[in-house]
Amino acid sequence: MTVLVIGATGKTGRAVVEALVARGAKVAAGSRTPGTEAADAAVRPVRFDWADRASWAPALDGVDGLYIVGPTGEPVGEVLVGELLADPVAAGLRRVVLLSVLGADRLPPEVMMADWERDVRASGKDWTILRPNWFHQNFGGGFAAGIREQGVLELPAADAALSFVDTRDVAEVAAVALTEDGHAGQVYDITGPQSLTYAEALKTISAASGRELAFRPISHEQAAENLRTAGVGERAIIWQRGLYDLMLEGTNAPVTDVVERVTGGAARSLDAYAAENADVWR
Ligand SMILES: NC(=O)c1ccc[n+]([C@@H]2O[C@H](COP(=O)([O-])OP(=O)(O)OC[C@H]3O[C@@H](n4cnc5c(N)ncnc54)[C@H](OP(=O)(O)O)[C@@H]3O)[C@@H](O)[C@H]2O)c1
């Protein structure tokens, strides 16, 4: 089995590469700027750019499985997943796993995941759709600088609860679905083991890092203004609003057993992630 992992440098993609190698698969690790050397002989760095169709065929050469991190940054991102899967370069693909998001079918039309899900379902491949909750890794990624520098995380999340999930668990589910039968046609809501508010999550990170950190709820308007100041486009701002609306309705609170059911292992906790990464917030 050889799998092209799109977004192989990202929060889930990196872990998907590792999980596939651990399961004995060969991997084409896709990035817009691939290095020349891979950490493992089973991994071949390849150039893949949603915005450059000439990169698609060489990246898919000899590949029979595909892990899709979709093109959120492209001006026509909603059509590209369907176009790739319908392209002759994808003819050799047998299994396809799409990274979507929890509640994808109830997000505003500006959000592309529902389009991607529709096209994956229509692809004629053995498809599996992953709908994970918000990642632990956001605390050590996009949220980290604000937490470290101001001691505060500001989001329009009020006291909504989320069963945050570790991207390594998302990756394990992806790797099983890409290498074993029995997962075609499945839509997996992937969560961590417990439901926490952002205030509770910040307490967990405070305890691990030994710093007094706080969650500060903000309005949707303030959040949109913060994103605009950071240079985020209007479409992505509507998208973010849609995600927070779902969260405030309680969509992200339930805990599922998908990680344990599919991988046989327990889902990782935020406590464990915070303990492993405590230096990030110091
Ligand atoms: N963050 C969360 O909590 C969360 C939760 C659920 C679902 N999701 C979904 O996960 C997806 C990824 O989000 P993320 O924040 O976790 O990002 P990420 O995977 O950490 O980073 C994005 C990845 O996409 C690659 N990429 C960017 N533009 C590309 C292009 N034009 N062509 C090919 N590859 C490109 C980047 O690789 P290079 O720069 O190396 O090209 C990078 O590896 C999104 O669809 C999001 O909705 C996220």
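Residue indices follow the written sequence of each chain, beginning from 1 at its first position. Selection of residues for local features in this predicted model requires a pLDDT of at least 70, selection of side-chain atom pairs for listing and counting requires 80 or more, and totals for whole chains, interfaces and linings are taken over all residues. As a convention, hydrogens and water are excluded, and side-chain values are obtained from all of the structure's heavy atoms.

(A) Representation of the pattern of salt bridges. What makes a salt bridge here is a side-chain nitrogen of Lys or Arg within 4 Å of a carboxyl oxygen of Asp or Glu, nothing more. In this structure the tally under the stated criterion is 23 salt bridges. Two residues, Asp169 and Arg268, come together in a salt bridge whose shortest N-O distance is 2.6 Å. Separated by 99 residues along the polypeptide, Asp169 in helix α7 (residues 167-179) and Arg268 in the loop between α11 (258-263) and α12 (270-276) bring together distant segments of the chain. Where salt bridges share partners, they join Arg94, Arg95, Asp126 and Asp181 into one cluster. What counts as a helix is a DSSP run of H or I of at least four residues, what counts as a strand is a run of E of at least two, and both are numbered from the N terminus.

(B) Quick look at the site of the ligand. Nearness of a residue to a molecule or strand requires only that one of the residue's heavy atoms be within 4 Å of it. Taken together, 22 residues lie near the ligand, and Thr9, Ser31, Arg32, Glu74 and Asn138 sit nearest. What qualifies as a polar contact is a pair of N or O atoms within 3.5 Å, subject to a donor-acceptor requirement within protein and to the restriction that residues adjacent in sequence count only when both atoms come from side chains. Between Asp49 and the ligand, the recorded distance is 3.0 Å, taken from a side-chain N or O atom to a nitrogen atom. At a separation of 3.0 Å, an oxygen atom of the ligand approaches a polar backbone atom of Phe135. Across the complex, the protein chains shield 80% of the 880 Å² of accessible surface that the ligand would expose by itself. Only Asp, Glu, Lys and Arg are considered charged, only Ala, Val, Leu, Ile, Met, Phe, Trp, Tyr, Cys and Pro nonpolar, and every remaining residue, Gly among them, polar. Residues belonging to the shell around the ligand are distributed by class as follows: 10 nonpolar, 8 polar and 4 charged. Where accessible areas are quoted, they stem from the Shrake-Rupley method and a 1.4 Å probe; at the residue level, only the protein chains shown are allowed to cover.

(C) The arrangement of the nonpolar core in detail. What is meant by a nonpolar core is a set of buried Ala, Val, Leu, Ile, Met, Phe, Trp, Tyr and Cys residues, joined one to another through side-chain atoms within 4.5 Å. Residue exposure (1.4 Å probe, protein chains only): buried if accessible area is under 20% of the type maximum, exposed if over 50%, otherwise partly exposed. Grouped together as the largest cluster of nonpolar side chains are 57 residues, with contacts concentrated most on Leu4, Leu66, Phe139 and Tyr198. A total of 5 residues in this core trace back to one element, the largest contributor, which is helix α10 (residues 234-248). Every residue pair with non-hydrogen atoms within 4.5 Å of one another is taken to be in contact. Discounting residues that sit within four places of it in the chain, Tyr198 has contacts with Trp134, Phe139, Phe143, Leu153, Leu155, Ala157, Ala160, Leu162, Phe164, Phe215 and Met247. One finds Ala29, Val43, Tyr67 and Ile190 within the second-largest nonpolar core, a separate group that totals 31 residues.

(D) Representation of helix α8 (residues 198-209). Multiplying 1.5 Å by the residue count of a helix minus one yields the expected span of that helix. The end-to-end C-alpha distance of α8 is 16 Å, a good match for the 16 Å that 12 residues give at a rise of 1.5 Å each. When we look at burial in α8, the residues that qualify are Tyr198, Ala201, Leu202, Thr204, Ile205, Ser206 and Ser209.

(E) Up close: the sheet that holds strand β6 (residues 126-132). The pairing criterion is simple: DSSP has to find at least two bridges between the two strands. Strand order in this open sheet of 7 strands is β3-β2-β1-β4-β5-β6-β9, and the pairing throughout is parallel. Each having just a single partner strand, β3 (43-47) and β9 (186-190) make up the two edges of the open sheet. Mean inter-strand twist for the sheet, computed between neighbouring axes without regard to direction, equals 20 degrees. Judged from the 5 bridges that link them, strand β5 (residues 95-99) and β6 form a sheet pairing that is parallel. Looking at the pairing, Leu98 lines up with Ile129 of β6. In this description, a line fitted to the C-alpha atoms serves as the axis of each element, helices being fitted only across the stretch in contact, and the angle between N-to-C directions of two axes falls anywhere from 0 to 180 degrees. Relative to the sheet, helix α4 (residues 113-121) contacts β4 (65-68), β5, β6 and β9, its axis offset from that of β6 by approximately 160 degrees. Sitting on the sheet, α7 touches β1 (2-5), β4, β5, β6 and β9, and the angle it makes with β5 is about 160 degrees.

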